[in-house]
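# Examining the three-dimensional arrangement
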Amino acid sequence: MKIMIKNGRIQQNKQDEIIFEDKDIVIENDIITGIFDKNEIHNQAFDKVIDAKSCIVMPGLVNAHLHSSDHFNKGGFDNLPLELWVLYLRPIFSGFNHTPDEIYLRTLLGSIEMIRTGTTSVIDDVVQFPALDEKNLDMIFKGYEKAGIRAAITSHLINKPLYKTIPFLDEYLNEELKEKLTINYASENEMLAYVEQNIHKYNKQGAVQTYALAPSGPQRCSIELMAGLKNLSEKYNLPVISHVLETKVQEVTAKEFYNMTMVEYLNEHHLLYPNLNLVHSVWVSDHDIELMKEHNSKVLHNPTSNLKLGSGIAPIKSFLDNGISVGLGTDNTSSNDSLNMFELMKITGLIHKVQDHHYDKWIGAQDALKMATIGGAECALKEDELGTIEVNKKADLIILETENHRFIPNNNYVNQVVFCENGSSVKTVLINGEVVMEDKIIKTFDEEEVLEEVKGVMSKVFEERNLSYKQAELIFDELKKVYFKSNEIYY
Ligand SMILES: [Zn+2]
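In this text, all values refer to a predicted model and were calculated from it rather than measured experimentally.

Moving on to the pattern of salt bridges. Applying the stated rule across the entire model yields 23 salt bridges. One salt bridge connects E175 with K178, and the closest N-O pair in it is separated by 3.5 Å. Taken together, the residues span about one helical turn, with E175 and K178 both in helix α5 (residues 175–181) at a distance of 3 residues. Relative accessible area serves as the criterion here: at 58%, E175 is assigned to the exposed category. A salt bridge links D337 to K308, with the shortest nitrogen-to-oxygen separation between them at 3.0 Å. Linking D337 in the loop between β13 (326–328) and α13 (341–351) with K308 in helix α11 (residues 303–308), this pair joins segments that are 29 residues apart in sequence.

What follows covers the coordination of the zinc ion. A four-donor tetrahedral metal ideally has 109.5 degree angles, and a six-donor octahedral metal ideally has angles of 90 or 180 degrees. Those protein atoms acting as donors to the zinc ion are H65 (NE2), H67 (NE2), H243 (NE2) and D331 (OD), and they sit at 2.0 to 2.6 Å. Its 4 donor atoms give the zinc ion angles of 87 to 166° at the centre, a pattern that matches the irregular case. Each donor residue of the zinc ion lies on the same chain, and together they follow the pattern H-x1-H-x175-H-x87-D. On the criterion of sequence distance, the pair formed by H65 in strand β6 (residues 61–66) and D331 in the loop between β13 and α13 is long-range, its members being 266 residues apart.

On to a negative patch on the surface, then. The grouping of D101, D446, E448, E449 and E453 at the surface amounts to a negative patch. In terms of residue count, the dominant contributor to the negative patch is helix α16 (residues 447–487) (3 residues). Structurally, D101 can be placed in helix α2 (residues 100–116). Using a relative accessible area of 58% as the deciding quantity, one classes D101 as exposed.

Tallied over the full model, the rule gives 12 aromatic pairs. Here F141 and Y202 contribute two aromatic rings whose centre-to-centre distance is 3.6 Å and whose plane-to-plane angle is 5°, an arrangement assigned as stacked. With F141 in helix α3 (residues 134–147) and Y202 in helix α6 (residues 188–202), this residue pair connects regions lying 61 residues apart in the sequence. Taking relative accessible area as the criterion, F141 reaches 5% and is therefore assigned buried. For Y202, a relative accessible area of 9% translates into the label buried. Of the aromatic side chains, those joined through ring pairs into one cluster are F77, Y88, Y469 and F476. Across the ring face of Y172, the terminal group of K481 is positioned such that the distance to the ring centre comes to 4.3 Å.

The rules we used
- Residues numbered from 1 in each chain as written.
- Predicted model: local features only at pLDDT ≥ 70, side-chain atom pairs only at ≥ 80, totals over all residues.
- Heavy atoms only, no water.
- Salt bridge = Lys/Arg side-chain N within 4 Å of Asp/Glu carboxyl O.
- Helix = DSSP H or I, 4+ residues; strand = E, 2+ residues; numbered from the N terminus.
- Buried < 20%, exposed > 50% of the residue type's maximum accessible area, 1.4 Å probe, protein only.
- Donors = N, O, S within 2.8 Å, 3.2 Å for Na, K, Ca; no water.
- Tetrahedral: all angles 85-135°; square planar, octahedral: opposite > 155°, others 65-115°.
- Patch = residues over 30% accessible without salt bridge, like charges linked within 9 Å, V, L, I, M, F, W, Y side chains within 5 Å.
- Areas by Shrake-Rupley, 256 points an atom, 1.4 Å probe, with all protein chains shown as cover.
- Lys, Arg positive; Asp, Glu negative; His and termini not counted.
- Charge placed at Lys NZ, Arg CZ, Asp CG, Glu CD.
- Phe/Tyr/Trp six-rings, centres within 6.5 Å; stacked < 30°, edge-to-face > 60°.
- Lys NZ or Arg CZ within 6 Å of the ring centre and 35° of its normal.

Written as structure tokens, this is what we have:
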């Protein structure tokens, strides 16, 4: 398949800044094979010509951190900090009970919003019960394959019970509740064997949906499990996703459990490395940042989720100044509550200005757009394939119309993409050279049908929500005590 995108204004990443230039793009199968000046292409036959007149063409956006397991919870909660909100996401003692068909549907529901708002690539950290369920995992791969979205999909691994991962909880909970929270985890060897088997199964040459690794967080996993996943990531060159220092409680967790910061704890066990993405990194110290720089680890920034759960604002400027790669993620659907990368870019371009009065050092639209594209690609270890529009890169492209109130008077495309656009101008989306949406119509599946089917399963989802509320009530007061106690401790 040979496609030309003509008459567009194309995003080009120059040394110091992103600019837009009038160019024509040639795509052969899944690859960008040519970028030409206007009227430079003659006597070539194309299977398809897309006229991008009055449009801008951007690299597809990379949502580098989300949990599709939470898609049915969109809009479900407000005004809860992480440690209390997490109790309601799923029945805390018995876990999710979504069927394979619901999991497939859930994945397509999220895909609608992502395609419509220009996300072409995701790192989806999937939480499921039991964690090692092949059939359920397979349905997520099938969902993204149907949607046509490029995805790195993980199995979110935990092998410690909740009360061993949060300070003070062990003493606050009675034995009966601890028993309820104790899950029979597979051994480290079984988990690592399962992960390696999935790497062989899914990560075939040229696969658009691939498997990645996710120890949930340092306090929730044994050293042996994290070390085993590090070895696999290095053996197969795969990104690793781990939640580190998202909240004040987690800062206290590290100090109480290990008498050092969580990043120092990782370093102590040789568990900081280039393939590791530290998700959130809100409560990091200057020394932590030095260690992250020294080991070339990466950061996944989730500002909307960090605001909604009251977690804090990560020191992103410091990461960037230290040459640390930063990608953007929407995080859980119910802690955002959208999967819209344009909203995320706007928030990223705004919130860091309040951290420092030195306005000449502020994070702005240029940085936000980079984090949403090439930054995310670096975190996914795909910077040679994704994140910019260049010859030999994958044809993951989005086309936005600009003859509308969001862009006119077209003062500055980068500023307007980040501060004025909300995703509604995204007209056409190509992923891996395939036209996934054209003229605002999703081509890969029936959007209306999916929405109808979701409505059909929600009564069962609400039943499960009721069970979540009942189970959460049993330990809510103890978690609340932990939350307030931790927030009153200063080191
Ligand atoms: Zn997360």
